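Tertiary structure, described
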Amino acid sequence: MKGRPGPTRPVRILELSGAGSRERRDDLATEEPLEIRLTAPGGARKTVAITMRTPGHDFELAAGFLHGEGLVEPGGIAAIGYCVDEDLPPEARHNTVTVRLHGPIPDLPALDRHFLTSSACGVCGSASLDALRDRCRPLPRGGVELAPDVLYGLPESLRKAQGVFGKTGGLHAAGLFTAEGELVAIREDVGRHNALDKLVGWSALNEVLPLDRHVLMVSGRASYEIMQKALAAGVSVVCAVSAPSSLAVDVARDFGMTLVGFLRGERCNVYAGQERIAF
């Protein structure tokens, strides 16, 4: 029987350098599917997502995904575990997570189709501001005030904490920081949206939501999906190493969020929410 997949997998490669070559070992970031199933009292069950992810923190990924999509509130989860249903082959059981609910499976339009996500694109089915306004309110002003020196230190702090990235060079990260720049938690994944779902799931399962007193730092760009998941978690400040998309900026400005992009060295661009930066 196939064992539980880990976050990395070794391979043999041929490395070319100058005019020479050598065979050596290389470590790859693991990418495998994860199916998220919901079950309710009475035996009802439904698959709501299949996502390509890096194994590890799978229960947090499931909880964070459900919270970010507005499908299940944190208090609605009774238990999370790997699936042992008889219809599932043993080698797939560590790639299937069952979330047991206290109540019935929600009757939402989003559940009329399965979410099929990938490590590249995330969940893109409801990418509109109108859909976001239906379930999220603008954030209150204030809450966090950041000094520029704290901002400048976030990327390096995130990078130093990326254990699996150090081995593979192939993972995104999402880090949660205090307003003083102290790292609270970090999660890695081949998909930047999955990394954030894991972080939000950690927050939900540890009952620290909303994250209105924290700062989110992501290793890639700031997309609509990143902003909607951050907003659902109550994050008021989102920082990214790379560029934001136009819709990400629209979300930040419409919902009172602070958005910082191109945060590298001692420079960055503030696209929204400048009032939370203590110049």
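Look up: the structure comes first, before these words.
Below: a short report on this structure. (Residues numbered from 1 in each chain as written. Predicted model: local features only at pLDDT ≥ 70, side-chain atom pairs only at ≥ 80, totals over all residues. Heavy atoms only, no water.)

1. Thoughts on the overall build of the protein chain
Helices and strands together make up the secondary structure of the protein chain, namely seven helices and 13 strands. Here the protein chain holds 279 residues, and 48% of them are scored as buried. Partitioning the intrachain contacts of the protein chain with sequence separation of at least 6 by distance along the chain shows that 56% fall at a separation of at least 24. Element-wise, carbon and sulfur atoms account for 50% of the exposed surface of the protein chain, whose accessible area totals about 13,100 Å². (Helix = DSSP H or I, 4+ residues; strand = E, 2+ residues; numbered from the N terminus. Buried < 20%, exposed > 50% of the residue type's maximum accessible area, 1.4 Å probe, protein only. Contact = heavy atoms within 4.5 Å. Areas by Shrake-Rupley, 256 points an atom, 1.4 Å probe, with all protein chains shown as cover.)

2. Digging into the nonpolar core
Counting 34 residues, the largest nonpolar core has L216, M227, V238, V251, F255, M257 and L259 as its most contacted members. Breaking this core down by element, the ones donating at least two residues are α2 (129-133), β8 (172-178), α5 (192-205), β10 (214-218), α6 (224-232), β11 (237-240), α7 (246-254) and β13 (267-272). Grouped together as the second largest cluster of nonpolar side chains are 19 residues, I36, V48, V72 and V97 included. (Core = buried A, V, L, I, M, F, W, Y, C linked by side-chain atoms within 4.5 Å.)

3. With respect to unusual backbone geometry
Note the cis peptide between L209 and P210, where omega equals 0 degrees. When you line up the elements, P210 lands in the loop between α5 and β10. Phi is positive for H57, which is not a glycine, with a value near 55 degrees. Topologically, H57 is positioned in the loop between β4 (45-53) and α1 (58-68). The exposure class assigned to H57 is partly exposed, which follows from its relative accessible area of 41%. You will see that E207, though not glycine, has its phi angle at about 55 degrees, which is positive. By the element assignment, E207 lies in the loop between α5 and β10.

4. With respect to the layout of surface pockets
Of the voids in this model, the second largest pocket is the one considered here, and its volume is about 200 Å³. Lining the second largest pocket are H67, G70, E73, R135, C136, R137, L139, L231 and A232. Class assignment for the residues of the lining of the second largest pocket results in four nonpolar, two polar and three charged. (1 Å grid on protein atoms, 1.4 Å probe; cavity = no way out; pocket = protein on both sides within 12 Å on 5 of 7 lines; lining within 4 Å. Points joined across faces, edges and corners; volume = space filled by probe spheres on them. Nonpolar A, V, L, I, M, F, W, Y, C, P; charged D, E, K, R; others polar.)

5. So, the side chain of D27
Among the structural elements, D27 can be located in strand β2 (residues 20-29). We classify D27 as buried; its relative accessible area is 14%. Within the structure, D27 has its side chain in polar contact with the side chain of R25 (distance 2.9 Å). (Polar contact = N/O pair within 3.5 Å; in protein donor to acceptor, adjacent residues only side chain to side chain.)

6. Comments concerning the packing of α1 against α5
The contact between α1 and α5 brings their axes to 6 Å, and the two run at 90 degrees. Accordingly, the angle class assigned to the pair α1 and α5 is roughly perpendicular. Residue-level inspection shows F59, E60, L61, A63, G64, F65 and H67 of α1 in contact with α5, the latter providing N194, D197, K198, V200, G201, W202 and L205. Looking at the contact of α1 with α5 residue by residue, the classes come out as seven nonpolar, four polar and three charged. (Axes fitted to C-alpha atoms, helices over the stretch in contact; angles between N-to-C directions. Parallel < 35°, antiparallel > 145°, perpendicular 65-115°, else oblique.)

Scope: geometric values only; no functional claims are made or implied.
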